[in-house]
Amino acid sequence: MPTAKKSTIRRSQRTSSAHPSASGASTQPLRARAAWAPYAIAGAAAVILAFWAYSPALHGPFLFDDTHLPFDTVSTTPGQVWSLPNFGTPLSAWIHGVRPLLMFTYWWNVQMSGTETYSFHVLNVLFHCFSAALMFFVLRRLLEWAAVDPARRNLLAGFGTAVFLLHPVQTEAVAYLAGRSDGLSVLLLLAAYAIFLYRRNTSVSWGNAAIVLLFFGASLLAKEETIVLPALLLLTDYWWNPGFSLKGVRGNWKLYLPLALGAVGGFVIFLPLMRHGGNAGFGMKDLTWYQYFFTECRALFVYPALFLFPASQSADWDFSYSRTIFDHGAILGLAALLGLAFLAWWKRREYRLASFGFFSYLLLMAPTSSILPIRDAVAERRLYLSMLGLLLIILDFAGRLKVERKVLATAGVVVAVVLAGATYARSHVWSSELALWQDTVRSTPANWRAHFHLASAWFDDNRCDLAVKEFENTTKLQPPDYDLLVDWGLAYDCLNQPDNALAKLRQAAALEPTAHVYSQIGMIYGKHSQWAQAMDALNTAEKLDPKFAATFVYEGLVHMATNDPKTAVQDYQRALAIDPTFIPAINGLGQAQARLRAAAH
């Protein structure tokens, strides 16, 4: 734990020998370098191993929620890009929102390599490596405060760091580009926590407080879940400074006072977000806060199980909600949590590090796994930060093993290599859309969303026969909605089955009459030279949404096919007035103008 400042004792630097080695002055730097050399070598090896473990995914495409981020392009036809990447979009447009620092890193990637994903993935792995380095220092300090054998502290901290760096459960936060929100925010949170832990004096100085607050604020600009840091700092002060006392909390008022004032402002800012409906927030109509709490009483045991036995991973967990305290055994989960909490408190002095780890785990999971409803009851990347608590539990018991240091080190290396191999295998899942959803369907066969995404992956791969079958499989698990019917219809169109395609699209239009679905109906009629029906559907689309650019592109195609390039030019110009980056409109306009020039000659 932090110690009070000690007085400095001055010693003479003079020596009676003219030879520097007589005083040992020249050998001290060499000894220092020699002492740290093994750690430098181990660190370099760990980075190399991490890049090898994630190498299968380094060229992986944009997946799942990546497609909702501004660097992705829009496509409705296999192999066709529909809009230009956002190379010229001003930075201000990217960072407008609740996660500006995260979006800045995506903007930087786009400036560096456009939509080529390699630089995105490399940056994700680098963030992960830096987080692992900070994790080492955090673990080392807590092991020191727990009075673990000094000869084993670095070894145990290194082992915990290797597990954090190479565990396959981390792939969702590292190999998945949208998972960068976890990687970057946790990196900044760990930086703030490490600065807090390594302060020179028991009481935080204004300078230390400012730096901690700076990194904490930066972490919030990457992801809101790091709001939990002040609670972790309070728990740390109570547990270790000087130990099960509020003395340390009172002594660090320079840090906690600004945090308290910031909490008031943060509450005002984030309250509207928490009330939001959609996929998260207290405004969700089909999931109350207490139903989510009952569900998470079970879900909180999923993550330790994955940590110990990462054999049943899934990119999209099909985890049932507990609507009541008795549903799906929620009451047993709650009872188990209360029992473990009682045991951890009762044994807090005997197993100080493990007990602290248990309460830290619950605390760090709280933003996503307590009472704020989130559509996904389980997501593996939520373990990215809370793994700190589980590591402390493991290290407490590992430090008590009566084995030689070499045996412990050998076992640690074996575990790290096995984990790296498992991560390498898991990274293949994130290397392509097909691999991701085939694996998810295998792990959660009753998950309708996984089947839907697998069907879309087959469609994007131009395997439309398999896409049609998978869309049908999806409807066996979930009644078809608008999106499924539209994509199902386009898959039939890909197979040149216009009647089936039109039937599905008209079903979708009956559910939601949109410009998009009517433009697709018009497109299919146009493909089969049914010009009147095509224009009727496209006119309907235009009435529903006159700002939907694709409608005018399809009208231009009809006019080009009926030898009316002059009207087609007007259609394409209307599309470009809505979206100047719309590639089909750009190409169509060029072709229509070329046709007009050829006719003039």
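Structure: above.
Quick caveat: nothing in here was measured; it's all calculated off a predicted structure.

(A) Layout of unusual backbone geometry. Across the junction of Asn241 and Pro242, the peptide omega takes the value 0 degrees, indicating a cis bond. Despite not being glycine, Ala147 shows a phi value in the positive range, around 60 degrees. Unusually for a residue other than glycine, Asn563 sits at a positive phi of about 60 degrees. With respect to the helices and strands, the residue Asn563 is situated in the loop between α25 (549–561) and α26 (565–578).

(B) Main features of a nonpolar patch on the surface. Among the surface-exposed residues, Phe301, Leu340, Phe342, Leu343 and Trp346 lie close enough to one another that they form a single nonpolar patch of about 520 Å² accessible area. Here Leu340 is to be found in helix α14 (residues 330–346).

(C) The nonpolar core, seen in detail. Core analysis: the biggest nonpolar cluster contains 161 residues, and Leu142, Tyr193, Phe196, Leu233, Leu255, Phe356 and Trp430 have the highest contact counts within it. With 11 residues, the top contributor of residues to this core is helix α4 (residues 118–145). Sequence-distant contacts of Leu142, defined by excluding residues within four places in its chain, comprise Tyr193, Leu197, Trp240, Leu353, Phe356 and Leu392. Judged by nonpolar contacts, the second largest core, of seven residues, contains Phe127, Leu187, Leu188 and Ala218.

(D) Fine view of helix α20 (residues 464–475). Relative to the 16 Å expected for 12 residues at 1.5 Å per residue, α20 spans 17 Å between its end C-alpha atoms, a close match to the ideal helical length. Turning to α20, its buried residues are Cys464, Ala467, Val468, Glu470, Phe471 and Thr474. Axial view of α20: buried residues confined to an arc of 170 degrees, hence all on one face. Elements that come into contact with the buried residues of α20 comprise α19 (448–460) and α21 (482–494).

(E) Representation of the environment of Arg180. Along the chain, Arg180 turns up in helix α7 (residues 180–197). In sequence terms Arg180 and His128 are 52 residues apart; their C-alpha atoms lie 9.2 Å from each other. If sequence neighbours within four positions are ignored, Arg180 has contacts with Leu102, Thr105, Tyr106, Asn109, Phe120, Leu123, Asn124, Phe127, Ala173 and Ser185.

(F) Main features of the packing of aromatic side chains. A complete count under the given rule lists 25 aromatic pairs for this structure. Aromatic pair Trp289 and Tyr290: ring centres 5.8 Å apart, planes at 90 degrees, arrangement edge-to-face. Owing to a relative accessible area of 46%, Trp289 belongs among the partly exposed residues under this scheme. Members of the aromatic cluster, joined through ring pairs, are Trp145, Tyr238, Trp239, Trp240, Phe244, Trp345, Phe356, Phe358 and Phe359. Here the guanidinium or amino end of Arg348 rests over the ring plane of Phe244, the centre of that ring lying 5.4 Å away.

The rules behind each value
- Residues numbered from 1 in each chain as written.
- Predicted model: local features only at pLDDT ≥ 70, side-chain atom pairs only at ≥ 80, totals over all residues.
- Heavy atoms only, no water.
- Helix = DSSP H or I, 4+ residues; strand = E, 2+ residues; numbered from the N terminus.
- Patch = residues over 30% accessible without salt bridge, like charges linked within 9 Å, V, L, I, M, F, W, Y side chains within 5 Å.
- Areas by Shrake-Rupley, 256 points an atom, 1.4 Å probe, with all protein chains shown as cover.
- Salt bridge = Lys/Arg side-chain N within 4 Å of Asp/Glu carboxyl O.
- Core = buried A, V, L, I, M, F, W, Y, C linked by side-chain atoms within 4.5 Å.
- Buried < 20%, exposed > 50% of the residue type's maximum accessible area, 1.4 Å probe, protein only.
- Contact = heavy atoms within 4.5 Å.
- Expected span 1.5 Å × (residues − 1).
- Arc of directions from axis to C-beta.
- Phe/Tyr/Trp six-rings, centres within 6.5 Å; stacked < 30°, edge-to-face > 60°.
- Lys NZ or Arg CZ within 6 Å of the ring centre and 35° of its normal.

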